[in-house]
Amino acid sequence: MTMTAFLETYGFLIVSMLLGALLGLSVYLPLMAGQLSLASPGFYALGGYIAAILSTQVFPVTEGSFPLLELLLEMLLAAIAAAVLAIALGIPVLRLRGIYLAIATIAFVEILRVLALNLEITGGAVGIFGIPQPFQSQIGYLWIVVPLLGLSMVFLYRLESMHVGRVLRAIREDELAADTMGINPTHYKLLSFVLGAVLAGVVGAISAHFLNTWNARQGTFDASIVYLAFVLSGGSRTFVGPVVGGIVLTALPEILRGMAGISGLPIWLAQFLQDGRLIIFGLLIVMSTVFLPPRGNYTRTVTTMAMAKAAARQRETRETREGSD
Amino acid sequence: MQASFLFNHGHHSIFTAILNGLSIGSVYAIFALGYTLVFSILGIINFAHGAIFTLGAYFSYTLTGGAFGFNGLLANASLPIHLPFLFALVLGSILAGIASVIVERLAFRPLRKRGADPLLTLVSSLGAAVVIVNVIQYLVGSEIYTFPSDIYGRLPASINFGTVERPIAIRTVQIVIFSVSALIVSILTYFINFTRFGKALQAVSEDAITASLLGINTEKFITFTFFLSGFLAGLAGTLVGSSVSIAGPYFGIAFGLKGLGVIVLGGLGNIPGAVLGGLVIGLAEAFVPADYSGYKEAIAFALLFMMLLVRPQGLLGRSVIQKV
């Protein structure tokens, strides 16, 4: 197979893999400051709707391919919208910790989904169809996606080695300690949250064109699980993990489907590889959390037993309460 | 404002809305009790709870003799037995409880033994949910299954609570759901507050280490809590499935997310709070005007969101002071 033929055949998969890597990074960014946010799919959906609405209803219809400049403009607008929404959401929500933050971001994604299903401008349950194509074939999207991924990786590489990166790590390890050292945790948590949102919004704008159609099934709770799996399976100590995770896990269903076609494989196994891909996916998520070495996790792993710590905290609370009586 | 509200709706529709709200709200309550029991003991959210809910509905459906559709490994299969609905409900829920214990062993216990961050357990439970949902889909496909219409035997389809001239018809299903849920909540309240076992359970949730030092077998209680939690999820799943239909393997996921709204509203880990939260959200949904019914699904999340911002400990929760 020649290089061009290969790219044509696997164009969709290759671009999807790189988009997966970018989405993994959008979840990884808040995690740099130890914040488990599941809001990325919400910003992804927002970016997609901005691109879909602008290109089908606002911009004038053009002969031939959709102008690249207009795509870049959409990406910029998606980034700005995501940033504004992320700041408005992040200021109240980032006061919450751990599980409460995760739940609040789930609620945010669900509210956006219900809005998308009911508003007229988003096309309701049907969604938006026939989003114009800027490239002749799907592999053309590499012209946009490769530079974006490259820039993001360089940016994150720089970020991790800079002062800001060390501050984020300090907050991730121990927010209270960082606070007492004179760091303003809210400021940096918001920064990493907004950066993650902007990335998700931009990827959404590209994906709307790439997928040709956009509806309320894009960027739901299921998507949160998938993106999280990208980060977890790849590892979350550096930005390389989510990139590798996003690429490999996006390709995994295709690889399994390919394996199902290998001759000599028992029928039932081939069948399972084909139809049970998501079962394997779920098992991978469970196994990557259960068997991951303690230090490879995305948040601080407590050295003492979590339960002992929670119990101690409750005891202290009780004492505080009794003391104040 | 109250008066015009009453006027616009008319008395009987208010009555119907309240009964419908209590009916769905009571299912939210028993479902959320399962969530909150696990949270009160381990301080974690079990995201597989919604998947266990689905599983319970499928178990009960199978036990009533329901056949499967054309897709999946078990296409066209059905059990040769036709259990009466109440037996299927109980047995299906017990099976759901057992499934929940298995999830605990595989996805929770290894992390607990390692003393891992509670957030990791959250992710692991998400993985378990993905596995369960897709195993269901692999086995029986993603068709919609409806319980047979005669599951309540000779009971009429609806009961008139009004007069002959102004009927207020309430579906029998709603009444059965409300009765079963009210019964379960009462039994559970008694069990937790007045039995030795229940008091031990409270002790474990208050302080697991001290409880174990005082001779309580903590692991045994965790296993039992997961069983109880799965049982409640199975009950809720079967009740909702029998009231509407089993809308495919994913139908518990949306319900599970809504359950988050219920427990946050009442206070995470707070048992009366889960009941209150369930009823509040059920009633709030029942009063959404028909023109805006599309937004009904967002109510639980909007309430959740506001609650987290205003009072994160929930309506009945007590705040925890964080110390270094």
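Residues numbered from 1 in each chain as written. Chains lettered and ligands numbered in written order. Predicted model: local features only at pLDDT ≥ 70, side-chain atom pairs only at ≥ 80, totals over all residues. Heavy atoms only, no water.

S.K.: Where do I start with the overall build of chain B in this structure?
M.R.: Secondary structure assignment for chain B yields 12 helices and 2 strands. Moving toward the C terminus, one meets the helices and strands of chain B in the order α-α-α-α-α-β-β-α-α-α-α-α-α-α. Expected size for 324 residues packed as a compact globule is a radius of gyration near 20 Å; at 20 Å, chain B falls within 12% of this value. Considered along the principal axes of its C-alpha atoms, chain B spans approximately 65 × 55 × 35 Å. Look at the contacts in chain B between residues 6 or more apart in sequence, and 74% of them connect residues 24 or more apart. Distance from the positive charge centre (16 side chains) to the negative charge centre (11 side chains) of chain B: 10 Å. (Helix = DSSP H or I, 4+ residues; strand = E, 2+ residues; numbered from the N terminus. Rg over C-alpha atoms; globule rule 2.2 N^0.38 Å. Contact = heavy atoms within 4.5 Å. Lys, Arg positive; Asp, Glu negative; His and termini not counted. Charge placed at Lys NZ, Arg CZ, Asp CG, Glu CD.)

S.K.: Where do I start with the overall build of chain A in this structure?
M.R.: In terms of helices and strands, chain A carries 13 helices and 0 strands. Going from N to C terminus, chain A has its helices and strands arranged as α-α-α-α-α-α-α-α-α-α-α-α-α. Relative to its full complement of 325 residues, chain A shows a buried share of 52%. A separation of at least 24 residues holds for 78% of the contacts in chain A among residues at least 6 apart in sequence. On chain A, roughly 14,400 Å² of surface is accessible, and the fraction owed to carbon and sulfur atoms is 68%. (Buried < 20%, exposed > 50% of the residue type's maximum accessible area, 1.4 Å probe, protein only. Areas by Shrake-Rupley, 256 points an atom, 1.4 Å probe, with all protein chains shown as cover.)

S.K.: Looking at this model, I keep getting lost on the pattern of salt bridges. Mind explaining?
M.R.: Proximity of charged atoms lets side chains of opposite charge pair with each other. Residues and elements named next belong to chain B. As enumerated under the stated definition, the model contains 10 salt bridges over all chains in all. Here Glu104 makes a salt bridge to Arg105, at a shortest N to O gap of 3.8 Å. Linked by salt bridges that have partners in common, Glu104, Arg105, Arg109, Arg112, Lys113 and Glu219 make up one network. (Salt bridge = Lys/Arg side-chain N within 4 Å of Asp/Glu carboxyl O.)

S.K.: It is not clear to me how the confidence of the model for chain A should be interpreted in this structure. Could you clarify?
M.R.: Low pLDDT marks stretches whose predicted atomic positions should not be read closely. Mean pLDDT over chain A: 83, with 89% of residues reaching 70 or higher. A low-confidence stretch, residues 294–309 of chain A stays under pLDDT 50, and its non-local contacts, those more than four residues away or across chains, total 42 contacts. (pLDDT = per-residue confidence, 0-100.)

S.K.: Explain the nonpolar core here, please?
M.R.: Side chains of a nonpolar character, in soluble globular proteins, are inclined to be buried together. By size, the foremost hydrophobic cluster in this structure holds 197 residues, and its most contacted members are Phe43 and Ile206 of chain A together with Ile45, Phe47, Leu122 and Leu260 of chain B. Residues within four places of Leu122 of chain B in sequence aside, it is in contact with Leu36, Ile99 and Ala102 of chain A together with Ile45 and Phe47 of chain B. (Core = buried A, V, L, I, M, F, W, Y, C linked by side-chain atoms within 4.5 Å.)

S.K.: Can you help me understand the packing of helix H10 (residues 240–260) of chain A against helix H11 (residues 267–275) of chain A in this one?
M.R.: Residues and elements named next belong to chain A. Following both chains from N to C, one finds H10 and H11 inclined at 160°, their axes separated by 8 Å at the closest point. One way to sum up the angle between H10 and H11 is to call them roughly antiparallel. Of the two possible hands of crossing, H10 and H11 adopt the one that is left-handed. Side by side, H10 and H11 meet where Leu256, Arg257, Met259 and Ala260 of the first sit next to Ala270, Leu273 and Gln274 of the second. Of the residues contributing to the contact of H10 with H11, the split by class is 5 nonpolar, 1 polar and 1 charged. (Axes fitted to C-alpha atoms, helices over the stretch in contact; angles between N-to-C directions. Parallel < 35°, antiparallel > 145°, perpendicular 65-115°, else oblique. Left-handed = near helix turned anticlockwise from the far one by under 90°. Nonpolar A, V, L, I, M, F, W, Y, C, P; charged D, E, K, R; others polar.)

S.K.: Would you take a moment to explain the environment of Thr225 of chain B for this structure?
M.R.: As for its position among the elements, Thr225 of chain B is in helix H9 (residues 218–243). Non-local contacts of Thr225 of chain B, meaning those with residues more than four positions away in its chain, are made with Leu37, Val38, Ile41 and Leu201 of chain B.

S.K.: Got a minute to help me understand the packing of helix H5 (residues 142–161) of chain A against helix H6 (residues 163–173) of chain A in this structure?
M.R.: When two helices pack together, their arrangement is captured by the angle between the axes and the distance separating the axes. Residues and elements named next belong to chain A. Where H5 contacts H6, the axes come no closer than 4 Å and their chain directions differ by 70°. Classified by the interaxial angle, the pair formed by H5 and H6 is roughly perpendicular. Residues Leu159, Glu160 and Ser161 of H5 pack against His163, Val164, Gly165, Arg166, Leu168 and Arg169 of H6.

S.K.: Could you clarify how one ought to interpret the environment of Tyr35 of chain B in this entry?
M.R.: Residue and element names in this part refer to chain B. Note that Tyr35 resides in helix H2 (residues 11–42). Once the C-alpha coordinates of Tyr35 and Asp117 are considered, the two residues, 82 residues apart in sequence, prove to be 19 Å apart. Not counting residues within four places of it along the chain, the set of residues in contact with Tyr35 comprises Ile45, Asn46, His49, Gly256, Gly259, Leu260 and Ile263.

S.K.: I'm lost on helix H1 (residues 3–32) of chain A in this one. Help?
M.R.: Residue pairs three or four apart in sequence face the same way in an α-helix, which turns once every 3.6 residues. Residue and element names in this part refer to chain A. Across its 30 residues, H1 extends only 38 Å between first and last C-alpha, which sits more than 12% below the 44 Å expected from 1.5 Å per residue. The sharpest bend along H1 measures roughly 70° and falls at Tyr10. Phi turns positive one or two residues past the end of H1, at Gly34, with a value near 75°. (Expected span 1.5 Å × (residues − 1). Bend = angle between axes of the 7 residues up to and from the residue.)

S.K.: Just to check I follow, could you spell out the packing of aromatic side chains for this structure?
M.R.: Working definition: an aromatic ring pair is given by the centre-to-centre distance plus the angle between the planes. Tallying each qualifying case throughout the model produces 31 aromatic pairs over all chains. Their ring planes at 35° and their centres at 6.1 Å tell us that Tyr227 of chain A and Phe230 of chain A sit as a pair that is tilted. Pair noted here: Tyr227 of chain A and Phe230 of chain A are both in helix H9 (residues 221–234), with a separation of 3 residues, about one helical turn. Pairwise contacts between aromatic rings join Tyr28, Phe31, Tyr35, Phe53, Phe251 and Phe255 of chain B into one cluster. (Phe/Tyr/Trp six-rings, centres within 6.5 Å; stacked < 30°, edge-to-face > 60°.)

S.K.: What's the story with the confidence of the model for chain B in this structure? I'm lost.
M.R.: Residues and elements named next belong to chain B. In the predicted model, chain B carries a mean pLDDT of 85, and 94% of its residues have values of at least 70. Taken element by element, chain B is modelled with least confidence in helix H1 (residues 2–9), mean pLDDT 42, and with most confidence in helix H3 (residues 49–63), mean pLDDT 95. Scored below 50 in pLDDT, residues 1–10 makes 4 contacts in the model with residues more than four places away or belonging to other chains.

S.K.: Just to check I follow, could you spell out the environment of Arg169 of chain A for this structure?
M.R.: Residue and element names in this part refer to chain A. For Arg169, the location among the structural elements is in helix H6. Using a relative accessible area of 35% as the deciding quantity, one classes Arg169 as partly exposed. Along the primary structure Arg169 and Met32 are separated by 137 residues, whereas in three dimensions their C-alpha atoms are 6.3 Å apart. When sequence neighbours within four positions are dropped, the list of residues in contact with Arg169 reads Met32 and Glu160.

S.K.: Sorry, what's going on with the side chain of Thr289 of chain A here?
M.R.: Secondary-structure assignment places Thr289 of chain A in helix H12 (residues 277–290). Here the side chain of Thr289 of chain A touches Ile285 of chain A through a polar contact of 3.1 Å, landing on its backbone oxygen. Polar contacts involving the side chain of Thr289 of chain A include one to the main-chain carbonyl oxygen of Val286 of chain A, which spans 2.7 Å. Setting aside its immediate chain neighbours within four residues, Thr289 of chain A contacts Leu232 of chain A together with Leu111, Arg114, Leu120, Val123 and Ser124 of chain B. (Polar contact = N/O pair within 3.5 Å; in protein donor to acceptor, adjacent residues only side chain to side chain.)

S.K.: Is there a simple way to think about unusual backbone geometry in this case?
M.R.: Across residues other than glycine, the phi torsion is negative in most instances, and most of the peptide bonds are trans. The backbone of Asn212 of chain A sits at a positive phi, close to 75°, despite the residue not being glycine. Topologically, Asn212 of chain A is positioned in the loop between helix H8 (185–211) and H9.

S.K.: What's the story with the side chain of Arg109 of chain B in this structure? I'm lost.
M.R.: Residue and element names in this part refer to chain B. Here Arg109 shows up in helix H4 (residues 85–114). Among the residues examined, Arg109 registers a relative accessible area of 19% and is labelled buried. Reaching out from Arg109, the side chain makes a polar contact with the side chain of Glu219 at a distance of 3.0 Å. In contact with Arg109, other than residues within four places in its own chain, are Glu104, Glu219 and Thr223.

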